[in-house]
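Chain by chain, the residues:
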Amino acid sequence: MLSEHFKNKIYKDFDTVAFDSVFVSTMNSLSELFVNPKTIKAYYTSTTNEPKLVTKFYTDGELDSLVAYLENSKVHGFNPKIFKTEEIKGLLAELATNKFKNVEETYPVIAKLELLSANAYLNYNNYLKYGVVNPRNIFSRYYIKVKRPDSLGMTKLLASESLIDTLRIVQPKSPQYRALQEAYLKADALDEKRILLLNMERFRWKMPETGDNYVQVNIPDFKLTWFDKQDTVISMKVCVGGKRENGYDEKLKAFAKSGNLDDKPKNHETPLLFSKINSIQANPVWNIPVSIAQSEIYWMARKDPYYLSNSNINVYYKDKLIGEPDTINWSRYSRDKLPFKFKQGSGGGNALGKFKFIFDNSSSIYLHDTNNKNGFNLTNRAISHGCVRVEKPLEFAERLVGDGYIYDKLRAEVDLPPVDSTHNKWYKKRMAAKADTTKAFKLKPAWFGPKKPVPLIITYFTAWAQNNKIEYRPDVYQMDEKLWVSMKKYRL
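Residues numbered from 1 in each chain as written. Predicted model: local features only at pLDDT ≥ 70, side-chain atom pairs only at ≥ 80, totals over all residues. Heavy atoms only, no water.

**Q** Hey, could you run me through the overall build of the chain in this one?
**A** Counting its secondary structure elements, the chain contains 19 helices and 16 strands. On C-alpha atoms alone, the chain measures out to a radius of gyration of 31 Å, which is more than a quarter above the 23 Å that the 2.2 N^0.38 rule sets for 492 residues. For the C-alpha atoms alone, the extent of the chain along its principal axes is close to 110 × 60 × 45 Å. When each of the 492 residues of the chain is scored for burial, the buried share is 47%. Long-range pairs, those at least 24 residues apart, make up 69% of the contacts in the chain with a sequence separation of at least 6. Element-wise, carbon and sulfur atoms account for 50% of the exposed surface of the chain, whose accessible area totals about 25600 Å². On the chain, the mean spot of the 75 positive side-chain charges and the mean spot of the 56 negative ones are 6 Å from each other. (Helix = DSSP H or I, 4+ residues; strand = E, 2+ residues; numbered from the N terminus. Rg over C-alpha atoms; globule rule 2.2 N^0.38 Å. Buried < 20%, exposed > 50% of the residue type's maximum accessible area, 1.4 Å probe, protein only. Contact = heavy atoms within 4.5 Å. Areas by Shrake-Rupley, 256 points an atom, 1.4 Å probe, with all protein chains shown as cover. Lys, Arg positive; Asp, Glu negative; His and termini not counted. Charge placed at Lys NZ, Arg CZ, Asp CG, Glu CD.)

Right, here's the structure in full:
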């Protein structure tokens with residue numbers, strides 16, 4: 001190929017055995033620079049170290065096109081140096097001079113051009129398709145299983161029939177990314193460019209498939225939005241978990257040494273996750289987490305012996321209900337070794353309000369109503385213990401059940417009249433039973449299922465496009481700073 005292209009007879013003496021030795025040596029010297037050295041080595045071993053990129057894409061100019069894409073990677077906030085762009089450009093120029101005295105002089109140039117091009121091509125594709133950072137490696141409460149590059153996909157990339165087609169296809173096409181990118185290219189202020197670049201990276205992460213109909217909670221926005229494709233079906237305020245204490249990492253180390261609960265720093269940040277809402281509980285019972293029992297319930301019970309009964313909180317010892325928790329001598333028990341479990345019964349004073357929206361997750365969190373609506377008037381609504389309080393639980397429940405009859409049954413459970421007047425009969429019957437003083441009426445949780453499980457993603461964006469402009473929000477959990485540091489070697 002090179003012999004014909006350059007009209008140079010030295011290439012007729014190309015010795016594949018001698019080149020193979022140079023190629024392996026070059027691979028060994030460069031592999032520590034590669035992001036995926038094992039994949040690259042395995043690919044070239046399978047092709048007997050043939051310089052396929054140079055063979056297929058040098059003469060038709062596609063390697064020059066690769067360099068153009070790498071140089072233009074600034075539009076994505078990348079630093080072209082991370083791709084060894086200038087070195088690749090220099091090797092292309094050196095090969096193009098066609099001034100080699102013998103074929104042996106070409107071996108290290110071809111080998112290095114092949115390997116640096118392969119590494120740059122893979123990295124450029126992977127960074128745009130999956131992001132430069134794996135969020136699960138840097139954030140302790142990031143539980144969304146983002147897709148990451150795999151060896152099979154990278155091997156297919158290296159075997160591409162067209163670099164240009166692949167490079168064109170991999171350009172992000174989502175309206176959100178394109179809007180942020182356009183704003184990034186227009187922005188002058190460094191702080192603004194930083195926020196835009198951070199959120200461009202977030203939109204590069206390969207999220208699980210939500211489908212067209214899904215619910216999103218964006219923590220910095222303190223909002224829940226139900227999307228149907230690009231359209232907003234409903235939107236409401238939420239309260240999310242409070243941010244971790246200042247100096248959390250250092251305090252955690254101190255707690256690890258002392259084991260003293262007084263040294264344990266608070267971290268109520270709501271985890272980022274993907275799941276599906278599979279059930280609704282009306283008049284929920286609150287199974288109070290151990291951490292809250294130790295840090296709050298214990299002290300309140302010591303301070304006021306009637307706090308538990310007044311708050312409708314039941315106490316269990318070895319899973320058996322204690323009849324009179326007001327008689328417990330709390331000073332006998334260490335709060336870090338409490339032998340009790342606590343449950344707050346259904347009713348008006350329940351911290352979860354009248355509804356709990358349940359989805360599978362490893363953090364024991366859920367969406368729920370609240371008996372304290374004042375939080376929704378705050379600007380900074382990072383105030384919960386980690387669960388997400390929703391402003392309009394009834395509207396949300398109606399959308400979830402998607403059935404008038406079931407919705408009226410749900411309304412009746414929380415003493416609300418039916419929307420459909422034909423359901424008045426059983427509603428009145430329930431209310432009469434509740435009002436009958438001759439019989440004990442105990443409020444109990446009632447379960448309802450959504451029409452079908454609804455995907456839920458709890459995520460974190462501090463900038464996004466909305467109504468033809470970019471919205472910005474404060475970095476409430478200081479996740480921007482951590483991501484910025486992790487992106488340091490990749491960005492401009």
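So that's the structure; there's more coming.
**Q** Would you explain empty space enclosed by the protein in this entry?
**A** By rolling a water-sized probe across the atoms, one finds the places where empty space is left. All chains considered together, the criterion is met by one cavity of 30 Å³ or more. Taken as a whole, the largest cavity holds about 60 Å³ of empty space. Lining the largest cavity are F139, Y142, I144, R202, W205, M207, L272, T459, Y460, F461 and M479. Looking at the lining of the largest cavity residue by residue, the classes come out as nine nonpolar, one polar and one charged. (1 Å grid on protein atoms, 1.4 Å probe; cavity = no way out; pocket = protein on both sides within 12 Å on 5 of 7 lines; lining within 4 Å. Points joined across faces, edges and corners; volume = space filled by probe spheres on them. Nonpolar A, V, L, I, M, F, W, Y, C, P; charged D, E, K, R; others polar.)

**Q** I'm lost on the packing of aromatic side chains in this one. Help?
**A** We describe a pair of aromatic rings using the distance from one ring centre to the other and the angle between the two ring planes. Applying the stated criterion across every chain, the model contains 28 aromatic pairs. When the ring of Y405 is compared with that of W426, the centres are 5.9 Å apart and the planes differ by 75°; the resulting orientation is edge-to-face. You can see Y405 sitting in helix α17 (residues 404-413) and its partner W426 sitting in helix α18 (residues 424-435), a full 21 residues away along the chain. You can call W426 partly exposed: its relative accessible area is 24%. Of the aromatic side chains, those joined through ring pairs into one cluster are F14, F19, F23, Y43, Y44 and Y107. Residue placement shows K356 over the ring face of Y366; its charged tip is 4.7 Å from the ring centre. (Phe/Tyr/Trp six-rings, centres within 6.5 Å; stacked < 30°, edge-to-face > 60°. Lys NZ or Arg CZ within 6 Å of the ring centre and 35° of its normal.)

**Q** For this particular structure, what's the right way to read helix α3 (residues 37-46)?
**A** Given 3.6 residues per turn, any residue in an α-helix points the same way as the ones three and four places further on. What α3 keeps buried is the set T39, I40, Y43 and Y44. Around the axis of α3, the buried residues are gathered within 125° of arc, so they sit on the same side. In α3, the exposed positions that point more than 90 degrees away from the buried face belong to K38, T45 and S46. Lining the buried residues of α3 we find α2 (16-30), α4 (52-57), α7 (106-130) and α9 (151-158). T48 lies just past α3 and shows a positive phi near 50°. (Arc of directions from axis to C-beta.)

**Q** Which parts of the structure should I look at to understand the layout of surface pockets?
**A** Of the volumes computed, that of the second largest pocket is approximately 1100 Å³. If you go around the second largest pocket, you meet 46 residues; those closest to its centre are H268, P289, S291, I292 and H385. Contributing elements (two or more residues each) for the lining of the second largest pocket: α13 (248-258), β5 (286-287) and α14 (290-303). Tallied by class, the residues present in the lining of the second largest pocket amount to 20 nonpolar, 18 polar and eight charged.

**Q** Help me understand the nonpolar core in this model?
**A** Note that soluble globular proteins tend to have their nonpolar side chains buried in a common cluster. Within the largest apolar cluster, 132 residues are counted, with the highest numbers of intra-cluster contacts made by L95, F342, F357, L367, F396 and I458. I458 has contacts with I144, V217, I219, T270, P271, L272, L273, F359, I365 and V388, leaving out every residue within four places of it along the chain. (Core = buried A, V, L, I, M, F, W, Y, C linked by side-chain atoms within 4.5 Å.)

**Q** How should I be thinking about the side chain of Q344 in this particular structure?
**A** With respect to the secondary-structure elements, Q344 resides in strand β8 (residues 340-344). When its relative accessible area of 6% is taken as the criterion, Q344 is described as buried. Beyond its immediate sequence surroundings of up to four residues, Q344 is in contact with P284, V285, W286, I288, S311, N312, I313, G349, N350 and A351.

**Q** How should the environment of F461 be read in this particular structure?
**A** Positionally, F461 belongs in the loop between β14 (454-459) and β15 (463-466). F461 sits 106 residues away from F355 along the chain, and the two C-alpha atoms are 27 Å apart. For F461, the residues in contact, after removing those within four places along its chain, are N199, R202, F203, N218 and P220.

**Q** Which parts of the structure should I look at to understand the sheet that holds β5?
**A** The strands that make up a sheet are held in pairs by hydrogen bonds between backbone atoms, and each pair lies either parallel or antiparallel. Judged by pairing direction, the sheet is antiparallel, and its four strands sit side by side in the order β5-β8-β6-β7 without closing on themselves. The two strands at the open ends of the sheet, each matched to only one other strand, are β5 and β7 (320-321). Two strands pair when backbone bridges link them, and strand β6 (residues 313-317) and β8 are joined in this way by five bridges, in the antiparallel orientation. In the sheet register, Y316 faces β8, and the bridge partner there is K341. (Pairing = 2+ DSSP bridges.)

**Q** Mind showing me how you'd approach the state of the cysteines here?
**A** In protein chemistry, a disulfide is the covalent bond that joins the sulfur atoms of two cysteines. Evaluation of the coordinates by the stated rule reveals zero disulfides. Sulfur of C239: no disulfide; nearest cysteine sulfur belongs to C387 and is 12 Å away. Note on C239: relative accessible area 1%, which makes it buried. (Disulfide = S-S within 2.5 Å.)

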